[in-house]
Amino acid sequence: MKQFGTIFQFEMKSYIKNKIFTGVTAALVLVIAVVMFFPRITEAFGGGKEEDASGGAAASAEADNQAVILLSLSGIENADLVGQCFKQTFPEYTVTVSDSSLDEIKDKIAAGEVECAFVMDSLTSYTYYVNNLSMYDHKTAAADEALSSLYRMDAMMKNGISAEAAGEILSAEITHETENMGKDQAKNFAYTYIMIFALYMVILLYGQMVASNVATEKSSRAMELLITSAKPVSMMFGKVMASCLAGFIQLILVFGSAALFYQLNKSYWSGIGMIASVFNMPIHLLVYMLVFFVLGFLIYAFLFGAIGSTVSKLEDINTAVMPLTMLFVAGFMIVMFSMTSGEVDNIGMLICSYVPFTSPMAMFTRIAMGTVPLYEVIISIAILVASVVAVGYAAAKIYRMGVLLYGTPPKLKAILKAVRG
Amino acid sequence: MELEIRNICKNFGEKEVLKGVSFAASSGKAFGLLGRNGAGKTTSIRIIMNVFAQDQGEIFLDGKPIDYHTVKLGYLPEERGLYPKKKIIDQLLYFAQLNGMKRQDAVTSIDYWLERLKMTEHRNKRLDTLSKGNQQKIQLVTALAHDPQIIILDEPFSGLDPVNAMLLKDVVKEEISNGKIVLFSSHQMNYIEEFCDGIAILNGGQIVLCGDIVEIKHNYVRDKLAVRSADVKKIMQDQRIGGTMQENGELLIQLKSAEEKKEMMRLLTQTFDIDEIRVYEPSLNDIFVEYAGKQN
């Protein structure tokens, strides 16, 4: 126990003294600070701009710079009405009605004089010309909507309905209310995503670190002396616990600073519901997060440590941990796909939420984004706890055997034998 | 104190590494554990260090089974290496604490040993900034700082320059005279001869020779003659005598048996011009080559 303390302290100290560890943490906190303060900063600068723009010259200059939409209305009735309609639909553009031929219009678009053109064939049909169709170009949708209401209005008026009545009919709005019995996925998605991603990053990062720490001790032959001074079990557990704590501290620092900066800038973020939902995450989810983080971390860290002990050279570590990393990434993918599809209770997720290697991510996602009966959560956690103990025990056995083996890595058979023996 | 290893056996899988190894080492004396590569030295040492358990046999200290909770052991492994990127004092403290020292005692002891080994100036440097010999001296501190009763040194002199070797010799002699049990393992027979009273030669996992060096040498079959002569070539050509030239210019003549000594001496002195003739005293090296070289 005393040895465990000494090892834990030593390992912990080397994390804190590690410039990369402290540097990355500081950089993350800084990035979060910038992001969280961003609306405040832009508002501070943006406010200044508006004042400048209030000068008349600047305003007209801005008007000149407005992108132009060409409208070809040759041969359709209600041409004036259509022109009006387009001007209302695209207030941020200068809408120009043009009689130019199609080729001329195309040339103008190609030359960049105008951004796009609507060539109307009839009230219900047009061709949209644009140079590069952007992913975010919603002009046709807007035009469709405007034109269809124009057409309906026109049709109703033709059938003897007054303009006011027609307008009322068209602008009738349906009101609705939603009463959600379970979780609101739209709201929960953001923080679940962030948490799962954090879990993924921390486990992979620290798992690899544990593995390479063990391999470094072996390759530098410090192990020869270590093994005579400390019990392998203390060595393994000291290392894993220290890395668990280091990862946890890093998470706390990053998320803690994010929460702090959010509180400082709360009023600037009020418009964005997603951000607010992240920081108003329910406490019981944080507790689940903590439980799944610690257990998930331990099970992987033990395995990474055991694998690290079977390689002799640092170069071999990447190939050796590959299967474990693959397993983890596969679990992560299943969870991510299920999350984005919204089907968090699909059969894959159900299975994954009981398999100890994926349950930290899968069960957490199901709790956060779906409705899971408590007994399922308890079963999942119980399986996970039992697996952590079993894996820790097996890993210590492998570690004992692995640390003094040099040369070719042991065969799977030998590893299994060590676990049993 | 007496450390006694009794009939230790150890298998790794199918491979029998140790087949009943027994020897004893007592305090105030150094004991040499010799053997070729793969003879089972490191395995024996690791069993003594309690890294893994023996399949059979026991280890006694003063007649009682050794209790690793109370006995402290110091070890300088043959494969040296500590943490290259860490500060020397930090890792020395780490190992001293792992070996059961309190932090404050560890600082005092480490500072003493750094001073003793003339390494104080490197105290706060990173290990990989030091030369190989100096790194080895740092590693020696990890073996000695916690004041162990049993010290195991595996090839302690390899890689040291003569000045440092001298320093280490003094330290080892000091430790021996302080009543420590010192276990040596080395291929450099001159050091073994210099320090050790008793030796054990391991071959193929078995002790093939064990005992006091002086006695071993004395009991060694005295069936060789060393001859110094101006007529060396003539002697070698003589059918009745033969012999092989040594590097030091002596001629070594193999007798058919030890009893043949007088007769052969007479023959030599009567036939040739002999400067010096004596019964050849085997060196530890010869003994080692003979016992450890045999394949079994």
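Definitions and limits used
Residues numbered from 1 in each chain as written. Chains lettered and ligands numbered in written order. Predicted model: local features only at pLDDT ≥ 70, side-chain atom pairs only at ≥ 80, totals over all residues. Heavy atoms only, no water. Helix = DSSP H or I, 4+ residues; strand = E, 2+ residues; numbered from the N terminus. Rg over C-alpha atoms; globule rule 2.2 N^0.38 Å. Buried < 20%, exposed > 50% of the residue type's maximum accessible area, 1.4 Å probe, protein only. Contact = heavy atoms within 4.5 Å. Lys, Arg positive; Asp, Glu negative; His and termini not counted. Charge placed at Lys NZ, Arg CZ, Asp CG, Glu CD. Salt bridge = Lys/Arg side-chain N within 4 Å of Asp/Glu carboxyl O. Pairing = 2+ DSSP bridges. pLDDT = per-residue confidence, 0-100. Domains from an automatic or database assignment. 1 Å grid on protein atoms, 1.4 Å probe; cavity = no way out; pocket = protein on both sides within 12 Å on 5 of 7 lines; lining within 4 Å. Points joined across faces, edges and corners; volume = space filled by probe spheres on them. Nonpolar A, V, L, I, M, F, W, Y, C, P; charged D, E, K, R; others polar.

1. A word on the overall build of chain A
Scanning chain A from N- to C-terminus turns up 17 helices and 4 strands. Relative to the compact-globule value of 22 Å for 421 residues, chain A shows a C-alpha radius of gyration of 32 Å, a clear excess of over 25%. Viewed in the frame of its principal axes, chain A has a C-alpha envelope of about 95 × 50 × 45 Å. The buried share of chain A, reckoned over its 421 residues, is 42%. Pairs at least 24 apart in sequence give 74% of the contacts found in chain A among residues at least 6 apart. Averaging the positions of the 27 positive and the 34 negative side-chain charges in chain A gives two centres separated by 30 Å.

2. Points about the environment of Arg-40 of chain A
Residues and elements named next belong to chain A. As for its position among the elements, Arg-40 is in helix H2 (residues 19-53). Assessed through its relative accessible area of 33%, Arg-40 is described here as partly exposed. Along the backbone, Arg-40 and Ser-267 are 227 residues apart, and their C-alpha atoms lie at a distance of 9.0 Å. Not counting chain neighbours up to four residues away, the residues in contact with Arg-40 comprise Leu-264, Asn-265 and Tyr-268.

3. A closer look at the interface of chain B and chain A
Accessible area lost upon the coming together of the parts is a frequently used measure of interface size. Every contact between the two is made by 26 residues of chain B and, on the other side, 22 residues of chain A. There are 3 salt bridges connecting chain B and chain A. Among the salt bridges present, the one from Arg-46 of chain B reaches Glu-224 of chain A, with a minimum N-O distance of 3.0 Å. For the side of chain B that touches chain A, the elements supplying multiple residues, two or more each, are helix H2 (88-98) and helix H4 (132-144) of chain B. Top contributing element to the side of chain B that touches chain A by residue count: H2 of chain B, with 6 residues.

4. Some thoughts on the sheet that holds strand E12 (residues 244-245) of chain B
All names here are of chain B. With respect to topology, 4 strands assemble into an open sheet ordered E12-E13-E11-E14, the strand pairing being antiparallel. Pairing within the sheet leaves two strands with one partner each, and these edge strands are E12 and strand E14 (274-279). Examined bridge by bridge, strand E11 (residues 224-229) and strand E13 (residues 251-254) share 4 bridges and lie antiparallel to one another. Following the sheet pairing, Ala-226 is matched in E13 by Leu-252.

5. Considerations on the side chain of Asn-134 of chain B
Residue and element names in this part refer to chain B. Residue placement: Asn-134 occurs in helix H4. A residue is classified by how much of its surface remains accessible, and Asn-134, at 19% relative accessible area, is buried. Contacts of Asn-134, omitting those with residues within four sequence positions, involve Met-119, His-122 and Asn-164.

6. Focus on the pairing of E11 of chain B
Alignment of E11 of chain B against E14 of chain B, held across 5 bridges, turns out to be antiparallel. Bridge pairing links Ser-229 of chain B to Ile-274 of chain B in E14 of chain B.

7. Quick word on the confidence of the model for chain A
All names here are of chain A. Looking at chain A as a whole, the pLDDT averages 84, with 94% of positions reaching at least 70. Element-level mean pLDDT values for chain A span from 48 in helix H3 (residues 56-65) up to 92 in helix H16 (residues 374-402). Ignoring residues within four places in sequence, the model shows residues 48-63, a span with pLDDT below 50, making 4 contacts including any to other chains.

8. Quick word on the domain arrangement of chain A
Domain annotation of chain A identifies domain 1 (66-170) and domain 2 (183-420). The distance between the C-alpha centroids of domain 1 of chain A and domain 2 of chain A comes to 56 Å.

9. Describing the layout of surface pockets
The volume enclosed by the largest pocket comes to roughly 1,600 Å³. Along the walls of the largest pocket sit 45 residues, with Met-401, Leu-404 and Leu-405 of chain A together with Phe-12 and Phe-52 of chain B positioned nearest its centre. Where the lining of the largest pocket is concerned, the elements lending two or more residues are helix H9 (222-229), H16 and helix H17 (412-420) of chain A together with strand E1 (2-12), strand E2 (15-26) and helix H1 (41-48) of chain B. Here the element with the most residues in the lining of the largest pocket is H1 of chain B; it accounts for 4 residues. Its residues assigned to classes, the lining of the largest pocket comprises 18 nonpolar, 12 polar and 15 charged. Estimated volume of the second largest pocket: approximately 1,100 Å³. Around the second largest pocket, the lining comprises 34 residues; the ones closest to its centre are Ser-14, Tyr-15 and Asn-18 of chain A together with Lys-85 and Lys-86 of chain B. Those elements giving two or more residues to the lining of the second largest pocket turn out to be helix H1 (2-17), H2, helix H8 (185-219) and helix H10 (232-264) of chain A together with H2 of chain B. The element that contributes the greatest number of residues to the lining of the second largest pocket is H1 of chain A, accounting for 8 residues. Counted by class, the lining of the second largest pocket contains 12 nonpolar, 9 polar and 13 charged residues.

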